Structures are given as structure tokens and as C-alpha cells.
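Tertiary structure, described
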Amino acid sequence: MKIKDIKTYPINVGSGSQLVVKVETESGIYGWGASGLSGRELAVVGAIQHFKPFLIGKDARQIGALWQEMYRGQYFEGGRVLAAAISAIDIALYDIKGKALGVPVYELLGGKQRDYVDCFASVRFTTREELFDYSLLLVKEGWTMLRLAPAEFESQEDKGLFESRKSIALLSDWLIDLRKEIGSQVTLGIDYHTRLNAAETYSFISKMPAGTIDFIEEPIRDESPEAYESLRKLIAVPFTIGEEFSSKWQFVPFIEKNITQYVRLDICNVGGITEAMKVAAMAESHYIDLMPHNPLGPICTAASIHLGAACSNFSWLEEVNTPAQYMGTNAPEYYPLQHTLEGPRYKVLDTPGLGVEFNEDLAAQSEFVPVEIPRLHRSDGSFTNW
């Protein structure tokens, strides 16, 4: 089953952007994949153009060997751009193999270990009122795990202004009140999106009674495991780290030193299903569960569902389209066949391959406009993390 062509479709969906990749074979079977490097889709398209000459004509069923060739096929191995390109192609190859064998992808990974994949609701808010309204609605609708994504700086006159000390003072008060309102049965976490430093993270956690939040996601940048290791010694709240990691090697110190308590891998960034399964096994040996990053669309969702179905150490999958907020990433005009929520979870289906279809005709007709992330600054004019 030889690879015939690889096509790329950068598209604007909702308020963001996605890169969908199609791998075609000479037998007529094709597979869909997606890149997770949001905002830099054209860089990934360029990487795939480099991969195409040596991939065309190769056996699409030899997924592991093709992964190694893509990763090691240049002197400058790895990096987020190449890993995102590998991820998209790898996922598409699994889709092809599942379709060719007439089985869902999870059967290629050892079979399913659960019938449903539970989700957490990503709750993006700019005001206290939004935080409470969205959270209470979700709890009423049966969601028992909320991951808060604050953007309180957007409610200001200067929407790009972020002062960390003002933020932690404000949010810590809101979270104390929210915990009292929703009770102890709901798992509650917060994603500070690398906007803090280690000292500020400690200050934020110390302002709240124990049990206010159940985890904090990526409060600081991840380039220095040592910085996270020192922070781990200062606070007792679990960490969830890894959505930006582009290989199993980046996860090694965070897992082996027990720095993170949840693995926040992104299957469209880490190297696809092939690499994600290796990270999952590494995490399992340290009693760490997966909490996959899933901000893109139905292809990322589907690949993550198959991963979650096949792994014993799985906790929750991120969901950004909920009863409280609809981010539009699963636009049906682009994805006529996709997995759909049943309350706060996805049923693990037996559809061959990933179980997703993409409208490439619409994508080919649509103009793509690159989307930049917000840029934050402090009151002194300096640039800071978003």
C-alpha cells in the first residue's frame, strides 16, 4: 500500500486556525491527520514539503519505520515544527491502516480498555461573573471536572496589559468563592498558561486554602525542568505539564523526577500516536495519568480518544465546545463525520480508522489567513507570556 501523495490544508476555523493533512495511497485508501502547532501552520506545511519526496512510494503500513525516517532523516533532528509535521502524517497513517484492516485505530494499539473517554470542560472567562455563570451551568449539566482558563486581562481597557501580581490577587479570591459555590465534588484546576514565575506561583497557591484547586497547569515556562523541580518542593498542589512538548525526551525529567502529576501531551505536537503511546507507557511506570491537550478540532479529538481508549493511565480529555461555551473548532461544514459528545464524555466507537471525515473541497476553496496569538505586555512596556 504505497503512499501516493500528501496534501496540506491550512484553514480558519472558529476564531483560530488548523492544519489538516491528507495522506493518499495508490490503493485509494487515504488518512487524515492534523498538526498542533497553532499559529505556525505554514511552517509545518514547509516541513511536510521536505518530507514528501522520500515518503512517496513508501509502504504506508510501516508506521514505526516511517516515523524513524521522518525524525532521523535530517541532521537537525526534532523541534516543534518537524514534530508537528511528523504528528500529522503519523496520525494519518494510523487512519489508513485502520481503514485498510476494517478496525478502529485503538485496535492497532492493543484494543480498548474503556467504553467512554471522559472530558474536562475548558472554561475561558474574563470576569468573575463569567467564571461563575459558566462553571455553575457546566456543573448543572453534569460536568464534574472544570479546567479554568483565565483571560481577565481582556476585560480591561488595555486588553493586552497583564500584571501578574494583580492577577493572582484577583483570581485567588474568585477561586475561593467558586469552590464554596460548587462544593467539593467537582474537580477544579486552573491553567495559568506560563504567565507566572516560580515566586509568583508560590504566592498564588499560598493565598488559597488547601483544597481550593486540585491542580495547576503550566504556571511557568517548561524549558527548565530544574525550575519546575524547585517549585515542586515549594507547593503541594499537583502540576499538569507537557502540551508544548515535541518528543518523549522532553517528558523524561518531568516524569522520572515526579515533577508533574499529570501528563498534558498533545498528540498533534508530540510526534503523533506512535510517540504518544511511548510517553503513555513511560508515565504509567510512574503512576502518572494522561490529560491530553485538545484545543484543535475533530482529528485531534479522534486521535486522542483512540489513545485514551487504549491506555490504562488516562484521566480526562480536554473539551473546548461545551454547553457553556462553543469555540467552533469542530465546524461541521469542515468535518461532516466526527465524534460527538454524550454529556461530558465521548463514546468509544468501532468505526474503522479515526472515524473522521474532512471536506477538502471546501478547504481548497477557502482563503487561509494566518492567525496570531494575543501579545501581552506589562505596564512598564515589557513583553510577557500569553
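Below, the structure is looked at part by part. Every chain is numbered independently, its residues counted from 1 as its sequence is written. Confidence filtering applies because this is a predicted model: local features only for residues at pLDDT of at least 70, side-chain atom pairs given and counted only at 80 or more, and all residues used for totals across whole chains, interfaces and linings. Each side-chain value is worked out from all heavy atoms of the structure, with water and hydrogens disregarded.

Quick look at the pattern of salt bridges
By definition here, a salt bridge exists when the distance from a side-chain nitrogen of Lys or Arg to a carboxyl oxygen of Asp or Glu is within 4 Å. Under the criterion given, the structure shown has 24 salt bridges. Taking the shortest distance from any N to any O, the salt bridge between Lys-99 and Glu-357 comes out at 3.9 Å. You can see Lys-99 sitting in helix α3 (residues 80–101) and its partner Glu-357 sitting in the loop between β12 (345–347) and α12 (360–365), a full 258 residues away along the chain. Three exposure classes are used, based on accessible area relative to the maximum for each residue type with a 1.4 Å probe and protein chains only: buried under 20%, partly exposed in between, and exposed over 50%. Lys-99 sits in the partly exposed class, given a relative accessible area of 25%. The exposure class assigned to Glu-357 is partly exposed, which follows from its relative accessible area of 23%. The salt bridge involving Arg-375 is made with Glu-372; its shortest N-O contact spans 3.1 Å. Where helices and strands are cited, they refer to DSSP runs of H or I of at least four residues and of E of at least two residues respectively, numbered from the N terminus.

Here we look at the pairing of strand β6 (residues 187–191)
A large share of β6 lies buried, amounting to five of its five residues. Neither face of β6 is left uncovered, since the one carrying Thr-187, Gly-189 and Asp-191 and the one carrying Leu-188 and Ile-190 both have all their residues buried. Two elements, strand β5 (residues 145–150) and β6, share four bridges in a ladder whose sense is parallel. Bridged to Arg-147 within β6 is Gly-189. Strand pairing is defined by DSSP finding a minimum of two bridges between the two strands.

Notes on the packing of helix α1 (residues 41–55) against helix α2 (residues 63–72)
Here α1 crosses α2 at 130°, and the two axes come no closer than 11 Å. Relative to α2, the element α1 lies oblique. The two elements α1 and α2 cross, and the hand of that crossing is right-handed. Side by side, α1 and α2 meet where Phe-51, Phe-54 and Leu-55 of the first sit next to Leu-66, Glu-69 and Met-70 of the second. All residues other than Ala, Val, Leu, Ile, Met, Phe, Trp, Tyr, Cys, Pro, Asp, Glu, Lys and Arg, Gly among them, are scored as polar; the first ten of these are nonpolar and the last four charged. Class assignment for the residues of the contact of α1 with α2 results in five nonpolar, no polar and one charged. To get an axis, fit a line to the C-alpha atoms, keeping to the stretch in contact for a helix; angles then go from 0 to 180 degrees between the N-to-C directions. For classification purposes, angles smaller than 35 degrees are called roughly parallel, those larger than 145 roughly antiparallel, those between 65 and 115 roughly perpendicular, and all remaining angles oblique. Each crossing is labelled by how the near helix is turned from the far one, with a counterclockwise turn of less than a right angle marking it left-handed and a clockwise turn marking it right-handed. Residue contacts are counted whenever heavy atoms from the two residues lie within 4.5 Å of one another.

A closer look at empty space enclosed by the protein
For each structure, a 1 Å grid was placed over the protein atoms alone; sets of points admitting a 1.4 Å probe that cannot get out are labelled cavities, open sets with protein on both sides within 12 Å along at least five of seven lines are labelled pockets, and lining residues have an atom within 4 Å of a point. Grid points are joined across faces, edges and corners, and a volume is the space filled by probe spheres set on the points. Taken as a whole, this structure holds one cavity of 30 Å³ or more when the rule is applied. Volume-wise, the largest cavity comes out at about 50 Å³. Residue lining of the largest cavity: Gln-18, Leu-19, Val-20, Ala-34, Ser-35, Leu-296, Gly-297, Ile-299, Cys-300 and Tyr-335, and that is the complete set. Elements represented by at least two residues in the lining of the largest cavity include exactly β2 (16–25), β3 (30–35) and α11 (298–310).

Looking at the packing of aromatic side chains
The pairing test for Phe, Tyr and Trp rings, Trp by its six-membered ring, is centres within 6.5 Å, and the orientation test on the planes gives stacked under 30 degrees, edge-to-face over 60, and tilted for anything in between. The final tally for this structure, using the stated rule, is 18 aromatic pairs. Ring geometry for Tyr-228 versus Phe-254: centroids 5.8 Å apart, planes at 75°, classification edge-to-face. In this pair, Tyr-228 is assigned in helix α8 (residues 225–234) and Phe-254 in helix α9 (residues 248–256), connecting sequence segments 26 residues apart. For Tyr-228, a relative accessible area of 0% corresponds to the buried category. Here Phe-254 falls in the buried class, since its relative accessible area comes to 1%. Through a chain of ring-to-ring contacts, the aromatic side chains of Tyr-9, Tyr-30, Trp-32, Tyr-334, Tyr-335 and Phe-358 assemble into a single cluster. In this structure, Lys-278 packs its charged tip against the face of Trp-67, placed 5.5 Å from the ring centre. Whether a charge lies above a ring is judged from NZ of Lys or CZ of Arg, which has to be within 6 Å of the ring centre and within 35 degrees of the ring normal.

Quick word on the environment of Ser-312
Take Ser-312: it is sitting in the loop between α11 and β11 (317–319). The exposure class assigned to Ser-312 is partly exposed, which follows from its relative accessible area of 38%. The sequence separation of Ser-312 and Ala-280 amounts to 32 residues, and the corresponding C-alpha distance is 8.9 Å. Residue contacts for Ser-312: discarding those within four places in its chain leaves Gln-113, Arg-114 and Glu-284. At 3.1 Å, the side chain of Ser-312 and the side chain of Glu-284 are in polar contact. Whenever two N or O atoms come within 3.5 Å, that pair is a polar contact, provided that in protein one can donate a hydrogen and the other can accept it, and provided that, for residues adjacent in sequence, both atoms are side-chain atoms.

Details of helix α10 (residues 272–284)
Multiply 1.5 Å by the residue count of a helix minus one, and that product is the helix's expected span. With 13 residues, α10 extends 18 Å from end C-alpha to end C-alpha; this agrees with the ideal 18 Å at 1.5 Å per step. Every buried residue of α10 is accounted for by Gly-272, Ile-273, Thr-274, Glu-275, Ala-276, Val-279, Ala-280, Met-282 and Ala-283.

Points about the packing of α2 against α3
Packed helix pairs are specified by the crossing angle of their axes together with the interaxial distance, meaning the distance between the axes. Running from amino to carboxyl end, α2 crosses α3 at an angle of 165°, the nearest separation of the two axes being 10 Å. By the angle between their directions, the pair α2 and α3 is classed as roughly antiparallel. Judged by the sense of rotation from one axis to the other, the crossing of α2 with α3 is right-handed. Residues Ile-63, Leu-66, Trp-67, Met-70 and Tyr-71 of α2 form the contact with α3, whose participating residues are Ile-86, Ile-89, Asp-90, Leu-93, Tyr-94 and Lys-97. A breakdown of the residues in the contact of α2 with α3 according to their chemical character gives nine nonpolar, no polar and two charged.

Thoughts on α11
Relative to the 18 Å expected for 13 residues at 1.5 Å per residue, α11 spans 18 Å between its end C-alpha atoms, a close match to the ideal helical length. Among the 13 residues that make up α11, 13 are buried, leaving the element largely enclosed by the rest of the structure.

Some thoughts on the sheet that holds β3
One key point about sheets: their strands pair by backbone hydrogen bonds, in either a parallel or an antiparallel sense. Reading across the sheet, the three strands line up as β1-β2-β3 and stay open at both edges, with antiparallel pairing between neighbours. Of all the strands in the sheet, the pair left with one neighbour each is β1 (3–13) and β3. Averaged over neighbouring strand pairs, the angle between their axes works out to 20° when direction is ignored. Bridge count for β2 against β3 is six bridges, and the pairing is antiparallel. Bridged to Lys-22 within β3 is Trp-32. On the sheet, α3 packs against β1, β2 and β3 and is oriented at approximately 155° with respect to β3.

So, the side chain of Asp-191
Mapped onto the elements of the fold, Asp-191 is located in strand β6. The class of Asp-191 is buried, set by a relative accessible area of 6%. Of note is the side chain of Asp-191, whose polar atom sits 2.8 Å from the backbone nitrogen of His-193. Setting aside its immediate chain neighbours within four residues, Asp-191 contacts Arg-147, Leu-148, Ala-149, Pro-150 and Glu-217.

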